[in-house]
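Chain residues, written in single-letter form:
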Amino acid sequence: MNNVNITFSKGFNMNLMEITLGHSPDADDAFMFYAISKKKISTQNYVFKELIVDIETLNNLAFSEKIDLTALSIYAYCKVAKNYLLMSCGASMGEGYGPRLIAKQYFDKKEMVDKKIAVPGLNTSACLVLSLYFEKKPTELNLFVCPFDKIFDVVKSGSADVGLIIHEGQLSYVLEGLVLCEDLGKWWKKDTGLPLPLGGNAIRRSLGMDRCRELQSIVKESIRWALGNREEAISYARKFSRGSQDSMVEEFVGMYVNERTLDYGPEGRAAVSEFIQRGKSLGVVDQNLKIEFVE
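Residues numbered from 1 in each chain as written. Predicted model: local features only at pLDDT ≥ 70, side-chain atom pairs only at ≥ 80, totals over all residues. Heavy atoms only, no water.

A word on the pattern of salt bridges. Applying the stated criterion to the full structure yields 13 salt bridges. Between Glu65 and Arg204 there is a salt bridge whose closest N-O contact spans 3.7 Å. With Glu65 in the loop between α2 (55-63) and β4 (69-73) and Arg204 in strand β12 (residues 196-204), the pair connects residues that are 139 residues apart, well separated along the chain. Relative accessible area serves as the criterion here: at 30%, Glu65 is assigned to the partly exposed category. A salt bridge links Asp191 to Arg278, with the shortest nitrogen-to-oxygen separation between them at 2.6 Å. (Salt bridge = Lys/Arg side-chain N within 4 Å of Asp/Glu carboxyl O. Helix = DSSP H or I, 4+ residues; strand = E, 2+ residues; numbered from the N terminus. Buried < 20%, exposed > 50% of the residue type's maximum accessible area, 1.4 Å probe, protein only.)

With that out of the way, let us pick up the nonpolar core. Ranked by internal contacts, the top residues of the largest apolar core, which has 99 residues, are Leu101, Leu130 and Leu215. Those residues in contact with Leu215, other than ones at most four positions away along the chain, are Ile19, Tyr46, Phe48, Leu69, Met87, Ile203 and Leu207. Listed in part, the 11 residues of the second largest apolar core include Ile102, Ala118, Val155 and Tyr173. (Core = buried A, V, L, I, M, F, W, Y, C linked by side-chain atoms within 4.5 Å. Contact = heavy atoms within 4.5 Å.)

What follows deals with the pairing of strand β7 (residues 100-103). Burial along β7 is two-sided: Arg100 and Ile102 facing one way and Leu101 and Ala103 facing the other are all buried. Alignment of β7 against strand β10 (residues 162-165), held across four bridges, turns out to be antiparallel. Among the inter-strand pairings, Leu101 is bridged to a residue of β10, identified as Leu164. Alignment of β7 against strand β11 (residues 179-183), held across four bridges, turns out to be antiparallel. Bridge pairing links Leu101 to Glu182 in β11. (Pairing = 2+ DSSP bridges.)

Axes are the key here: two packed helices are described by the angle between their axes and the distance separating the axes. For the pair helix α5 (residues 125-134) and helix α8 (residues 184-192), the least separation of the axes is 10 Å and the interaxial angle reads 55°. Relative to α8, the element α5 is oriented oblique. Crossing of α5 over α8 shows left-handed handedness. Between α5 and α8, the contacting residues are Ala126, Val129, Leu130, Leu132 and Tyr133 on the first element and Leu184, Trp187 and Trp188 on the second. Grouping the amino acids of the contact of α5 with α8 by side-chain chemistry returns eight nonpolar, no polar and no charged. (Axes fitted to C-alpha atoms, helices over the stretch in contact; angles between N-to-C directions. Parallel < 35°, antiparallel > 145°, perpendicular 65-115°, else oblique. Left-handed = near helix turned anticlockwise from the far one by under 90°. Nonpolar A, V, L, I, M, F, W, Y, C, P; charged D, E, K, R; others polar.)

We now examine the environment of Lys116. Relative to the helices and strands, Lys116 is located in the loop between α4 (109-112) and β8 (117-119). A sequence separation of 39 residues divides Lys116 from Val155, and the C-alpha atoms of the two residues are 9.6 Å apart. Leave out the neighbours within four places in its chain, and Lys116 touches Asn142, Phe144, Ser159, Ala160, Asp161 and Val162. Of the polar contacts made by the side chain of Lys116, one reaches the backbone oxygen of Ser159; its length is 3.4 Å. (Polar contact = N/O pair within 3.5 Å; in protein donor to acceptor, adjacent residues only side chain to side chain.)

Another aspect to go through is helix α11 (residues 246-256). Burial in α11 covers these residues: Met248, Val249, Phe252, Val253, Met255 and Tyr256. Each buried residue of α11 lies within a common arc of 155° when the element is viewed along its axis, so the set occupies one face. Packed against the buried residues of α11 are α1 (27-37), β6 (92-94), α7 (169-172), β12, α10 (230-237) and α12 (259-262). (Arc of directions from axis to C-beta.)

With that settled, the discussion passes to the sheet that holds β7. The strand order β9-β8-β10-β7-β11 describes an open sheet built from five strands, whose pairing is mixed. Unpaired on one side and paired on the other, β9 (143-145) and β11 mark the two borders of the sheet. Direction aside, neighbouring strands of the sheet carry axes that sit 30° apart on average. Taken together, the two bridges between β8 and β10 define a ladder with parallel strand orientation. When the bridges of β10 are listed, Ile117 appears paired with Val162. Across the sheet, α8 touches β7, β10 and β11, and the angle it forms with β11 is around 30°.

We now examine the environment of Lys189. Along the chain, Lys189 falls in helix α8. Along the sequence, Lys189 and Gly98 sit 91 residues apart, while their C-alpha atoms lie 9.7 Å from each other. What Lys189 contacts, discounting residues up to four positions off in sequence, is Gly96, Leu194, Pro195 and Glu267.

Pasting the structure below:
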């Protein structure tokens, strides 16, 4: 966070606050932040410096409090709640779908638990729901950590037996000649009756509550603008699709950016609470953790 001095032609000066804004290089985040990135809406007295990197890198930046406002895994938020608040907007929730376990051949649950599984990061919500699914801590599973966009290659090469895929890979695995073993979002919905909370937006507490509220309103307006100007925002999001078919990009964005993204709502908040409580019961989330939102 820095103050940037801007001088206008009439000699009027305004101090703009620079805010580091992190999001992942996937289509739904690009869609969500398009209006901010391309200045389609007013960003008030703020200048946003975008950092577009994979979700595990964003999680790690939040661990060291090196970013102001960021998309991050709900599981990772559990480890940074002391320094960050969750925004009430920006949720990525699986409505009966979510991270998927894929392989070159079908394995059932009893077979998979003993297989080598490639995962996109130990701090991702995908990794937590995997642990909840097997009822085992990550240390009790044979996990192979690699970048999310390398998981297909790792599975196809045989370096791992099963891959835990996120982002557009949830749809495009069929193009890779791989088969679905389990949709963890579908499992979660059947088991809890709730959507699966995967990602959210978090903001540094040290910015102060007034600024947190202002920044939340800007992000919410960006999401609302994208939903209201869908075709234009989708066109921009396709640049972040990593070769996925256009129809898949649009489907994927629709899966994770919707009315729930504007506000968690009671059901969304209940889903976060259940997700965290199960993490506590498994012993992988701090028992004293309290989730707090920017209200």
